[in-house]
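Report on the structure
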Amino acid sequence: MDTTAKLWDIQNGEEVFTLTGHSAEIISLSFNTLGNRIITGSFDHTVAVWEADTGRKVYTLIGHCAEISSALFNWDCSLILTGSMDKTCMLWDATNGKCVATLTGHDDEILDSCFDYTGKLIATASADGTARVFSAATRKCITKLEGHEGEISKISFNPQGNHLLTGSADKTARIWDAQTGQCLQILEGHTDEIFSCAFNYKGNIIITGSKDNTCRIWR
């Protein structure tokens, strides 16, 4: 199993450098919004932050006791959010790599997590079939999203931050009110698990991807 990440030059398709250091497969990776840091989350239970222009490892986030499922920066690059199979999410100070909070409450593995575009809200999706919304400032749970009949593999905010989209093993995607947790709409049509879903940049179109080998676009 390859335990590396690679940075590529999109102009010529050539490899710039390889990020080495993890001891298990890398399941999550992304840039921060400034483009000067890369984050990688691994099944080795750790998350690493790298300099994008040199490939140097800045620090390693150690604290989870199971595989990492998601890892990302907030919009202003001040915080890092990590989700894990240990049923928790952790918030880290992006300047020094120190843990500032642990978000708990789920009864099973965290499969996905995200910030809204302002960085004020955090959403978590779990194999327990529920999602939760937390305040990034207080670290308190604001609302719980209940209704799916299977694990939730993907969660995302719309650009406006008032709605959430979830995709589930129950073959449906759902749109929720991010403040109240009310289910606003159920998107039905896939014949197998939904693994991915997202709003477009305006928030008026949704795409879902499923194990049934299809993607669907919803308006």
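Conventions used here
- Residues numbered from 1 in each chain as written.
- Predicted model: local features only at pLDDT ≥ 70, side-chain atom pairs only at ≥ 80, totals over all residues.
- Heavy atoms only, no water.
- Helix = DSSP H or I, 4+ residues; strand = E, 2+ residues; numbered from the N terminus.
- UniProt positions renumbered as here; feature names shortened; annotations may be inferred.
- Pairing = 2+ DSSP bridges.
- Axes fitted to C-alpha atoms, helices over the stretch in contact; angles between N-to-C directions.
- Salt bridge = Lys/Arg side-chain N within 4 Å of Asp/Glu carboxyl O.
- Buried < 20%, exposed > 50% of the residue type's maximum accessible area, 1.4 Å probe, protein only.

1. Some details on the environment of Ile62
Considering the arrangement of structural elements, one finds Ile62 in strand E6 (residues 57–62). Separated by 55 residues in the primary sequence, Ile62 and Leu7 have C-alpha atoms spaced 23 Å apart.

2. A word on the UniProt feature "repeat: WD" (unreviewed entry) in the protein chain
Those residues carrying the UniProt feature "repeat: WD" (unreviewed entry) are residues 1–18, 19–60, 61–102, 103–144, 145–186 and 187–219 in this numbering. Helix makes up 0% of residues 19–60 and strand 55%, with an end-to-end C-alpha separation of 13 Å. Summarising residues 103–144: 0% helix, 52% strand, and an end-to-end C-alpha distance of 13 Å.

3. Some points on the sheet that holds strand E21 (residues 215–218)
Read from one edge of the open sheet, 3 strands run E19-E20-E21, paired in antiparallel fashion. The two strands at the open ends of the sheet, each matched to only one other strand, are strand E19 (194–199) and E21. Averaged over all adjacent pairs, the angle separating strand axes in this sheet is 15 degrees, with direction ignored.

4. Let's talk about the pattern of salt bridges
Counted by the stated rule, this structure contains 4 salt bridges. Note that Lys6 and Glu15 form a salt bridge whose closest N and O atoms lie 3.3 Å from each other. Using a relative accessible area of 37% as the deciding quantity, one classes Lys6 as partly exposed. When the shortest N-O distance is used, the salt bridge between Asp112 and Lys154 registers 3.7 Å. With Asp112 in strand E11 (residues 110–115) and Lys154 in strand E15 (residues 152–157), this residue pair connects regions lying 42 residues apart in the sequence. Overall, the relative accessible area of 8% leaves Asp112 in the buried class. For Lys154, a relative accessible area of 26% gives the class partly exposed.

5. Considering the sheet that holds strand E9 (residues 89–93)
Strand order in this open sheet of 4 strands is E7-E8-E9-E10, and the pairing throughout is antiparallel. Whereas interior strands pair on both sides, the edge strands pair on one side only; in this sheet they are strand E7 (68–73) and strand E10 (99–103). On average, adjacent strands in this sheet sit at an angle of 15 degrees to one another, irrespective of strand direction. The pairing of E9 with E10 spans 4 bridges and is antiparallel. Pairing of Leu91 across the sheet is with Ala101, part of E10.

6. Looking at unusual backbone geometry
We note that Cys77 has phi near 70 degrees; this positive angle belongs to a residue other than glycine. Here Cys77 is to be found in the loop between E7 and strand E8 (79–84). Cys77 sits in the buried class, given a relative accessible area of 13%. Within the chain, Asn213 stands out as a residue other than glycine whose phi angle is a positive 75 degrees. Note that Asn213 resides in the loop between strand E20 (206–210) and E21.

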